[in-house]
Protein chains: 2
Amino acid sequence: MTHSEARSVTEAVTERRERVNEAIDEELPIVRPERLYEASRYLLKAGGKRLRPAVLLLVAEALGDVEPLSTNYREFPTLDGSAERGSANDASGQPRAPETIDVMRAAVSIETIQSFTLIHDDIMDDDDLRRGVPAVHREYDLETAILAGDTLYSKAFEIMLESGAAPERGLRAVRTLARTCTRICEGQSLDVDFESRGDVTREEYLEMVELKTAVLYGASSSVPAILLGADQETVDALYRYGLNAGTAFQIQDDVLDLTVPSETLGKQRGSDLVEGKRTLITLHAREAGINVDSLIETDSVDAVTEGEIDDAVSTLESAGSIEYAREKAESLVREGKEELAVLPDNEARAQLESIADFLIERGY
Amino acid sequence: MTHSEARSVTEAVTERRERVNEAIDEELPIVRPERLYEASRYLLKAGGKRLRPAVLLLVAEALGDVEPLSTNYREFPTLDGSAERGSANDASGQPRAPETIDVMRAAVSIETIQSFTLIHDDIMDDDDLRRGVPAVHREYDLETAILAGDTLYSKAFEIMLESGAAPERGLRAVRTLARTCTRICEGQSLDVDFESRGDVTREEYLEMVELKTAVLYGASSSVPAILLGADQETVDALYRYGLNAGTAFQIQDDVLDLTVPSETLGKQRGSDLVEGKRTLITLHAREAGINVDSLIETDSVDAVTEGEIDDAVSTLESAGSIEYAREKAESLVREGKEELAVLPDNEARAQLESIADFLIERGY
């Protein structure tokens, strides 16, 4: 990917970011008890790319075959003119309002779930920082952070329920959301279990990544199709697009940890190795006979030298482990992009392809 | 209430408990990752009266005007023959299955939410024991307890979504559930805020109790009406029944803490006073000019004497504070029972009246 391509991908996301942020302000106002809602909003205000909402909005635009950014996300036309608000009788006997869906609410709902998982994950990992600011349990306290996450959890359902979709579609969207949340919890649990196990396989690792990270991308790409009334084949293909792209995203994160200079990463390169974190790379290396645990003797990120990291990376490169992970991510993105064939051939679809590429070609 | 009446109320609940427990086993099986699901089920297995599920099932029985315990809760007839499963075409062209609702799933969903809130509340209050066993974050660890609660949260939505109700009704039930969860979080947040405030009013306290405790009773009593297709007036009246009964239940808890012998309570009588907890009783007393903070000088439950408690209770009695709380609970129960007039006059309705009485007339 050239630099200008990378910028245009970023644009597809950033062009929607401000509108997503405005919608977050509207859907999650700071109401009484203010401290709870301020804590709930703290991480959302601190930043975030809004990648998942962008995917969701772009899928709607691709399905609707509209010019990107040309349509009001709050009143997005369904594919067949069916919507909840249209099914009610107009009291004045006038022609009913056009059948539209508030796809922005669905986008905010997904981002709200993402934020809830980050708040609780930071507690579980006892992380101090997130998006350059203190984690919620540091800025506030443990109790408030648990409760802020719990509040976002139910607010995400409340928001998703008000998309205006026809009832069967609204139900299916909420089912997807609930099932997704359960799977995220299962993935996080597997991740915790893996820390104390020496025999994790690549298949198990990929399953964990799929559950912990990728299913929320799957929800982002399939929920708009459900709400707008796409057929089941389309919904399923879009889900697989999100699942593959999300899995590739996480694998690429592991590659970047080893291959990008510390100053670009914003943290010590190779910190996953120092902390003994299992990744697809180290699992491949272990299966190739490398003693992964002794690759880096220093057990502190502050004390490790670039030379130690360089040597470890060389060993992993010789074993083909980094290339293996890179190729796995690439093949997932390739397969994911193929699923987009269910969409009309338009600009929004092209941007969804670019986002999948971006997930593995980004420099950091 | 006579002793035999108290027993029959207990029976209305206990007669349903075993079936609720069997349904919990079915709806929340221990699947992979097992440790997560075992932790999620730990508190549910440890006990619980299943009061909320009993209320939900009894409302269904009262609405359906059926003999209590005579009907299969998994295939409960709707009031108008409308249900999701009935709306699908039968592939073989045979007459469709009777339109029925799995009201037991709704009951399990509510109990699952209750269990999630207990797990997270115990973390927030750093409580060691619950239902005579270690709290989940003690039996397992903090990470597992947060995650177990989060898992129950989404499972509750998944379970509620599979009641078989017609889509609009299913959506309304899930809306009620989501809104209820948000309000429980708001109530818990207010409770935490109140600990550091000296100027809490009785109105604020009652609002907190309503949000933290009573709304889940409101959901228990209104959701079956929504799923079975009762009219809005009935749904609203049943919600108010639950809300009033749930508020009375919490107020009565505060009264019992002062009036029931320690050996019956299973903990030190007056422990709320020793710990400086705000209750409707102490808020009334403070407004009556009593220096509540100096009622008990001892600041440890282990060191306080029965004599100190007796003196404090005498002071609160002289101020009319205990009687005030008792009367408030009684009037809430009276108003709640009046709401049941929307139900047919039958045995299940009588049992719902008895449960409301039981909530404030129970000895402990």
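As recorded in an unreviewed UniProt entry, chain A goes by Geranylfarnesyl diphosphate synthase and comes from Halalkalicoccus paucihalophilus. What the UniProt record of chain A gives under Cofactor (unreviewed entry) is the line "Mg(2+)".

Student: Teacher, can you tell me more about the overall build of chain A here?
Tutor: Helix and strand counts for chain A stand at 16 helices and four strands. Its C-alpha atoms give chain A a radius of gyration of 21 Å, within 12% of the compact-globule value 21 Å for 364 residues. Each principal axis of the C-alpha distribution contributes one length, and for chain A these read about 75 × 50 × 35 Å. Put simply, chain A has 364 residues, and 57% of those count as buried.

Student: Honestly, the interface of chain B and chain A in this entry has me stumped. Any pointers?
Tutor: Interface size is commonly expressed as the accessible area that is lost once the parts come together. Of the residues lining the interface, 40 residues belong to chain B; the matching set on chain A comes to 40 residues. Taking both partners together, chain B and chain A bury about 3800 Å²; carbon and sulfur atoms supply 65% of that area. A salt bridge links B:Glu162 to A:Arg175, with the shortest nitrogen-to-oxygen separation between them at 2.6 Å. Viewed at the interface, chain A and chain B are joined by 18 residue pairs in polar contact (both at pLDDT 80 or more).

Student: In this structure, what is going on with the relation of the copies chain B and chain A? I would like to understand it.
Tutor: A rotation about some axis, followed by a shift along it, carries one copy of the chain onto the other. If you rotate chain B by 180° and push it 0.0 Å along the axis, it lands on chain A with an RMSD of 0.1 Å. Taken together, the turn and the small shift mark the pair as related by a two-fold rotation axis. Judged by C-alpha distance, B:Pro167 is the residue of chain B that lies nearest the rotation axis, at 2.6 Å.

Student: What is the right way to look at the packing of helix α9 (residues 202-228) of chain A against helix α10 (residues 232-259) of chain A in this model?
Tutor: All names here are of chain A. Following both chains from N to C, one finds α9 and α10 inclined at 140°, their axes separated by 6 Å at the closest point. Put simply, α9 runs oblique to α10. The handedness of the crossing between α9 and α10 is right-handed. Of the residues in the contact of α9 with α10, the class split is 16 nonpolar, eight polar and two charged.

Student: Would you explain a negative patch on the surface in this entry?
Tutor: Residue and element names in this part refer to chain A. Among the surface-exposed residues, Asp125, Asp127, Glu195 and Glu275 lie close enough to one another that they form a single negatively charged patch. Here Asp127 lies in the loop between α5 (103-125) and β3 (129-130). Overall, the relative accessible area of 31% leaves Asp127 in the partly exposed class.

Student: I tried to follow helix α7 (residues 142-160) of chain B on my own but got confused; where do I start?
Tutor: An α-helical segment advances 3.6 residues per turn. Residues three or four places apart therefore align on the same side. Residue and element names in this part refer to chain B. An ideal rise of 1.5 Å per residue puts 27 Å on 19 residues; α7 measures up with 27 Å between its terminal C-alpha atoms. Counting buried positions along α7 yields 17 of 19 residues, so the element is predominantly enclosed. Two to three positions downstream of the cap, the backbone nitrogen of Glu143 sits 3.3 Å from a side-chain oxygen, assigning the N-cap of α7 to Asp141.

Student: Can you help me understand helix α15 (residues 321-339) of chain A in this one?
Tutor: Its 19 residues place the ends of α15(A) 28 Å apart at the C-alpha level, agreeing with the 27 Å of an ideal helix rising 1.5 Å per residue. Each element contacted by the buried residues of α15(A) is listed here: α10, α13 (280-287), α14 (306-318) and α16 (347-361) of chain A.

Student: What am I meant to see in the packing of aromatic side chains here?
Tutor: Two measures describe an aromatic ring pair: the distance that separates the ring centres and the angle between the ring planes. A complete count under the given rule lists ten aromatic pairs over all chains for this structure. On the basis of an interplanar angle of 50° and a centroid distance of 5.9 Å, the ring pair of B:Tyr217 and B:Phe249 is categorised as tilted. Note that B:Tyr217 is positioned in helix α9 (residues 202-228) and B:Phe249 in helix α10 (residues 232-259), a separation of 32 residues in sequence. Neither residue differs from the other here; B:Tyr217 and B:Phe249 are each classed as buried. These aromatic residues form a ring-pair network of at least three members: A:Phe116, A:Tyr153, A:Phe157, B:Phe116, B:Tyr153 and B:Phe157.

Student: So what exactly am I meant to see when it comes to the environment of A:Ser222 here?
Tutor: All names here are of chain A. Relative to the helices and strands, Ser222 resides in helix α9. Residues Ser222 and Val55, 167 residues apart in the sequence, show an inter-C-alpha distance of 9.8 Å. Among residues more than four places away in sequence, those in contact with Ser222 are Thr176, Val235, Leu238 and Tyr239. Polar contacts involving the side chain of Ser222 include one to the main-chain carbonyl oxygen of Gly218, which spans 2.8 Å.

Student: Teacher, can you tell me more about the side chain of B:Ser221 here?
Tutor: All names here are of chain B. Structurally, the position occupied by Ser221 is in helix α9. Classification of Ser221 as buried rests on a relative accessible area of 0%. Within the structure, the side chain of Ser221 is placed 2.7 Å from the backbone oxygen of Leu238, a separation counted as a polar contact. Discounting residues that sit within four places of it in the chain, Ser221 has contacts with Val55, Val59, Leu238, Tyr239, Tyr241 and Gly242.

Student: What exactly am I supposed to notice about the pattern of salt bridges here?
Tutor: Close approach of charged atoms lets side chains of opposite charge pair. Applying the stated criterion to the full structure yields 66 salt bridges over all chains. Among the ionic pairs, A:Asp191 bridges to A:Lys212, the shortest N-O distance being 2.6 Å. Of the two residues, A:Asp191 sits in helix α8 (residues 167-195) while A:Lys212 sits in helix α9, which places them 21 residues apart along the sequence. With a closest N to O distance of 2.7 Å, B:Asp126 and B:Arg138 form a salt bridge. One end of the pair, B:Asp126, is in the loop between α5 (103-125) and β3 (129-130); the other, B:Arg138, is in helix α6 (residues 136-139), and twelve residues separate them in sequence. On the basis of relative accessible area, B:Asp126 is assigned to the partly exposed category, the value being 47%.

Student: Help me understand the environment of B:Asp293, please; the structure alone is not making it clear to me.
Tutor: Residues and elements named next belong to chain B. Along the chain, the position of Asp293 falls in the loop between α13 (280-287) and α14 (306-318). With relative accessibility at 60%, the residue Asp293 sits in the exposed group. Sequence separation of Asp293 and Lys277 is 16 residues, and the distance between their C-alpha atoms is 9.8 Å. Here the side chain of Asp293 touches Arg286 through a polar contact of 3.3 Å, side chain to side chain.

Student: How should the packing of α10(A) against α15(A) be read in this particular structure?
Tutor: Helix-helix packing: each pair is described by the crossing angle between the helix axes and the interaxial distance. All names here are of chain A. One can describe the packing of α10 onto α15 by two numbers: an axis separation of 8 Å at closest approach and a directional angle of 160°. Here α10 lies roughly antiparallel to α15, going by the angle between them. Crossing hand, α10 versus α15: left-handed. Along its contact with α10, which presents Ala237, Arg240, Tyr241, Asn244, Thr247, Ala248, Ile251, Gln252, Val255, Leu258 and Thr259, the element α15 presents Ile322, Ala325, Arg326, Lys328, Ala329, Leu332, Val333, Glu335, Gly336, Lys337 and Glu339. Of the residues in the contact of α10 with α15, the class split is eleven nonpolar, five polar and six charged.

Student: Before we go on, may I ask you to explain the confidence of the model for chain A in this structure?
Tutor: It should be kept in mind that the predicted coordinates are not to be read in detail where pLDDT is low. Residues and elements named next belong to chain A. Per-residue confidence for chain A gives a mean pLDDT of 91; residues scoring 70 or more make up 93%. Per-element confidence in chain A is highest for helix α3 (residues 51-64), whose mean pLDDT is 98, and lowest for helix α4 (residues 84-87), whose mean pLDDT is 54. Confidence over residues 86-91 falls short of pLDDT 50; this stretch has six contacts with residues more than four positions distant or in other chains.

Student: What's the story with the state of the cysteines in this structure? I'm lost.
Tutor: Among covalent bonds in proteins, the disulfide is the one between the sulfur atoms of two cysteines. What the rule picks out here adds up to zero disulfides over all chains. Here A:Cys185 is not disulfide-linked; the sulfur of A:Cys181 is the nearest cysteine sulfur, at 7.1 Å.

Student: I'm lost on unusual backbone geometry in this one. Help?
Tutor: In most cases, non-glycine residues show a negative phi, while peptide bonds are predominantly trans. With omega at -5°, the peptide bond leading from A:Arg32 into A:Pro33 counts as cis. Despite not being glycine, A:Asp126 has its phi angle at roughly 50°, a positive value.

Student: I keep staring at the environment of B:Leu177 and nothing clicks. Help me out?
Tutor: All names here are of chain B. By the secondary structure assignment, Leu177 is in helix α8 (residues 167-194). What makes Leu177 buried here is its relative accessible area of 0%. Residues Leu177 and Pro29, 148 residues apart in the sequence, show an inter-C-alpha distance of 22 Å. If near-sequence neighbours (up to four positions away) are discounted, Leu177 is found in contact with Ser109, Ile110, Ile113, Ala156, Phe157 and Met160.

Reading guide: rules and limits
- Residues numbered from 1 in each chain as written.
- Chains lettered and ligands numbered in written order.
- Predicted model: local features only at pLDDT ≥ 70, side-chain atom pairs only at ≥ 80, totals over all residues.
- Heavy atoms only, no water.
- UniProt positions renumbered as here; feature names shortened; annotations may be inferred.
- Helix = DSSP H or I, 4+ residues; strand = E, 2+ residues; numbered from the N terminus.
- Rg over C-alpha atoms; globule rule 2.2 N^0.38 Å.
- Buried < 20%, exposed > 50% of the residue type's maximum accessible area, 1.4 Å probe, protein only.
- Contact = heavy atoms within 4.5 Å.
- Buried area = accessible area lost by both parts, 1.4 Å probe.
- Salt bridge = Lys/Arg side-chain N within 4 Å of Asp/Glu carboxyl O.
- Polar contact = N/O pair within 3.5 Å; in protein donor to acceptor, adjacent residues only side chain to side chain.
- Least-squares fit on C-alpha atoms with pLDDT ≥ 70 in both.
- Axes fitted to C-alpha atoms, helices over the stretch in contact; angles between N-to-C directions.
- Parallel < 35°, antiparallel > 145°, perpendicular 65-115°, else oblique.
- Left-handed = near helix turned anticlockwise from the far one by under 90°.
- Nonpolar A, V, L, I, M, F, W, Y, C, P; charged D, E, K, R; others polar.
- Patch = residues over 30% accessible without salt bridge, like charges linked within 9 Å, V, L, I, M, F, W, Y side chains within 5 Å.
- Areas by Shrake-Rupley, 256 points an atom, 1.4 Å probe, with all protein chains shown as cover.
- Lys, Arg positive; Asp, Glu negative; His and termini not counted.
- Charge placed at Lys NZ, Arg CZ, Asp CG, Glu CD.
- Expected span 1.5 Å × (residues − 1).
- Phe/Tyr/Trp six-rings, centres within 6.5 Å; stacked < 30°, edge-to-face > 60°.
- pLDDT = per-residue confidence, 0-100.
- Disulfide = S-S within 2.5 Å.

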